[in-house]
Amino acid sequence: AVVSTQSTGVHPKKKEKRGYRNSGEIVVEQVELKREFTFLEYIQGGCLLNFVVGIDFTGSNGDPRDPSSLHYLMSSTPNQYTQAITAVGNVIQDYDADQLYPAFGFGARLPPTWQVSHQFSLNGNPADPNCHGIGGILAAYHQCINSVQLYGPTNASPIINNVAAMAREAARTQQAKDYYILLLLTDGILTDMAQTIQGIISASELPMSVIIVGIGDADFTDMERLDGDDKVLSMGGRKAKRDIVQFVPFADFKNGSSARLAAHVLKEIPQQVCDMYNDVMHVGPMFQPFQGPMS
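This structure is a prediction, so every number in the text was calculated from the model and none was measured. (Residues numbered from 1 in each chain as written. Predicted model: local features only at pLDDT ≥ 70, side-chain atom pairs only at ≥ 80, totals over all residues. Heavy atoms only, no water.)

**Student:** Just to check I follow, could you spell out the sheet that holds strand β5 (residues 108–110) for this structure?
**Tutor:** Strands in a sheet are paired, the pairing made by backbone hydrogen bonds, and the direction either parallel or antiparallel. In space, the three strands of this open sheet follow the order β6-β5-β9, with antiparallel pairing throughout. Two strands close off the open sheet at either side, each with one partner strand: β6 (115–117) and β9 (149–150). As defined by bridge partners, β5 adjoins β9 across two bridges and the pair is classed as antiparallel. The residue bridging Arg109 from the neighbouring strand is Gln149, located in β9. (Pairing = 2+ DSSP bridges. Helix = DSSP H or I, 4+ residues; strand = E, 2+ residues; numbered from the N terminus.)

Okay, here's the thing in structure tokens:
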């Protein structure tokens, strides 16, 4: 850093005039040069993208036994939930070494008490919600849809806050090691919008991003508010530290390829990772990749 330097501006056509001293002075109090690391440098430096899935099991999806249900599984064409999980997961899995993915549902009544849960493990194991591979997530989803009762309301904040707790633990290491990506799939407007906004604002200071995919043909206009592309997300005098949300209606891509959907929903992740580690945590990659000898 260079501190307190001064430069005088002299006009070449005026410097010969009597009494002319200068045209002004520029005083630089401090200059700081900062290295900005790229997404590829963080990945090569050991940063892992941890994939987490949250699925909407509310009654508005329709009876899973009905072919018109968004959770219908008996068709030869995978439903939109399955397609979105597969499209996004198949890309992220290349950046996650252990292939273990926490997967949750929300908005269903669970046996044997049939109490409504706003966060439950798809695999039925509250102590270990991890599913092995994308296939493991889909198998747990298929099993779960046949054992719970779709209900409501549509509360997403519990899952967002749970993933934020994971990210908070990762941030305590002060290393660019674990970055969390929550794929949240829902068929309608969130009932707990205020709590969700507050959760996202808090999470904007943590190594995590939230991808929300709107399933079905509902009006998702209010969900656009969560995506901070055009305006910083704020509520009650609090503002998000950075944009961590990407919202996409699945209907915009249902006639396209899964690769196109994945590319769109994941396109902001590299910049969000860099913003977190460069500008919020101020840490570089854990280690520099070996470059090999010069030829």
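There's more to say after this.
**Student:** Is there a simple way to explain the pattern of salt bridges in this structure?
**Tutor:** Two side chains bearing opposite charge may form a pair once their charged atoms approach each other closely. Using the criterion set out here, one finds four salt bridges in the structure. Here Glu41 makes a salt bridge to Arg35, at a shortest N to O gap of 2.5 Å. The residue Asp217 makes a salt bridge to Lys254 at a minimum N-O spacing of 3.7 Å. One end of the pair, Asp217, is in the loop between β11 (208–214) and β12 (234–235); the other, Lys254, is in the loop between β14 (245–249) and α6 (258–266), and 37 residues separate them in sequence. Assessed through its relative accessible area of 40%, Lys254 is described here as partly exposed. (Salt bridge = Lys/Arg side-chain N within 4 Å of Asp/Glu carboxyl O. Buried < 20%, exposed > 50% of the residue type's maximum accessible area, 1.4 Å probe, protein only.)

**Student:** Looking at this structure, I do not really get the packing of helix α2 (residues 80–92) against α6. What am I missing?
**Tutor:** A pair of packed helices is characterised by two quantities: the angle between their axes and the separation of those axes. The geometry of α2 relative to α6 is characterised by a closest axis approach of 9 Å and an angle of 65 degrees between their N-to-C directions. In terms of their interaxial angle, α2 and α6 are classed as roughly perpendicular. α6 is crossed by α2, and the crossing has right-handed handedness. Facing α2, whose interface residues are Ala84, Ala87, Val88, Val91 and Ile92, α6 presents Ser258, Leu261, Ala262, Val265 and Leu266. Class assignment for the residues of the contact of α2 with α6 results in nine nonpolar, one polar and no charged. (Axes fitted to C-alpha atoms, helices over the stretch in contact; angles between N-to-C directions. Parallel < 35°, antiparallel > 145°, perpendicular 65-115°, else oblique. Left-handed = near helix turned anticlockwise from the far one by under 90°. Contact = heavy atoms within 4.5 Å. Nonpolar A, V, L, I, M, F, W, Y, C, P; charged D, E, K, R; others polar.)

**Student:** Would you explain α2 in this entry?
**Tutor:** In this model α2 runs 18 Å from its N-terminal to its C-terminal C-alpha over 13 residues, within 8% of the 18 Å that 1.5 Å per residue would give. If you check which residues of α2 are buried, you get Gln80, Tyr81, Thr82, Ala84, Ile85, Ala87, Val88, Gly89 and Ile92. Tucked into the core, α2 has its buried residues touching β3 (48–56), α3 (133–145), β10 (178–186), β11 and α6. The N-cap residue of α2 is Asn79: its side-chain oxygen and the backbone nitrogen of Tyr81 are 3.1 Å apart. (Expected span 1.5 Å × (residues − 1). Polar contact = N/O pair within 3.5 Å; in protein donor to acceptor, adjacent residues only side chain to side chain.)

**Student:** Is there a simple way to think about the pairing of β14 in this case?
**Tutor:** Successive residues of a regular strand alternate their side chains across the two faces of the sheet. Within β14, five of the five residues are buried, which leaves it mostly tucked inside the rest of the structure. Of the two faces of β14, the one lined by Val245, Phe247 and Pro249 and the one lined by Gln246 and Val248 are each fully buried. Here β11 runs beside β14; their pairing, made up of five bridges, is parallel. Looking at the pairing, Val210 lines up with Val245 of β14.

**Student:** Would you mind going over the packing of aromatic side chains with me for this structure?
**Tutor:** Aromatic ring pairs: the centre-centre distance and the angle between the two ring planes describe each pair. Evaluation of the coordinates by the stated rule reveals nine aromatic pairs. With 5.7 Å between their ring centres and 55 degrees between their planes, Phe220 and Phe247 make a pair best called tilted. Taken together, the residues Phe220 in the loop between β11 and β12 and Phe247 in strand β14 connect sequence positions 27 residues apart. Given the relative accessible area of 5%, Phe247 is considered buried. Through a chain of ring-to-ring contacts, three or more aromatic side chains come together here, namely Phe37, Tyr42, Tyr179 and Tyr277. (Phe/Tyr/Trp six-rings, centres within 6.5 Å; stacked < 30°, edge-to-face > 60°.)

**Student:** Honestly, a negative patch on the surface in this entry has me stumped. Any pointers?
**Tutor:** A grouping of Glu224, Asp229, Asp230 and Asp252 is seen on the molecular surface, where their side chains present a negatively charged patch. You can see Asp252 is positioned in the loop between β14 and α6. (Patch = residues over 30% accessible without salt bridge, like charges linked within 9 Å, V, L, I, M, F, W, Y side chains within 5 Å. Areas by Shrake-Rupley, 256 points an atom, 1.4 Å probe, with all protein chains shown as cover. Lys, Arg positive; Asp, Glu negative; His and termini not counted. Charge placed at Lys NZ, Arg CZ, Asp CG, Glu CD.)

**Student:** Even after reading the chapter, I still don't get the nonpolar core, so can you show me in this structure?
**Tutor:** A general tendency of soluble globular proteins is for nonpolar side chains to be buried together. Phe57 and Tyr277 are the most contacted members of the largest nonpolar core, which has 55 residues in total. Broken down by element, the residue count for this core peaks at seven residues, all from α3. Membership of the second largest hydrophobic core comes to 33 residues, among which are Phe106, Leu233, Met235 and Ile244. (Core = buried A, V, L, I, M, F, W, Y, C linked by side-chain atoms within 4.5 Å.)

**Student:** Looking at this model, I keep getting lost on the pairing of strand β4 (residues 100–106). Mind explaining?
**Tutor:** Buried residues dominate β4, accounting for six of its seven residues. Relative to β4, β3 is paired through four bridges, and the arrangement is parallel. When the bridges of β4 are listed, Val53 appears paired with Ala103. In this sheet, strand β8 (residues 130–132) lies alongside β4 in antiparallel orientation, the contact comprising three bridges. Each residue of the ladder has a partner; that of Leu100, found in β8, is His132. Pairing of β4 with strand β7 (residues 120–121) involves two bridges; the strand directions are antiparallel. Bridge pairing in β7 places Gly105 opposite Phe120.

So far we have only geometry, and geometry alone does not tell us how the molecule works.
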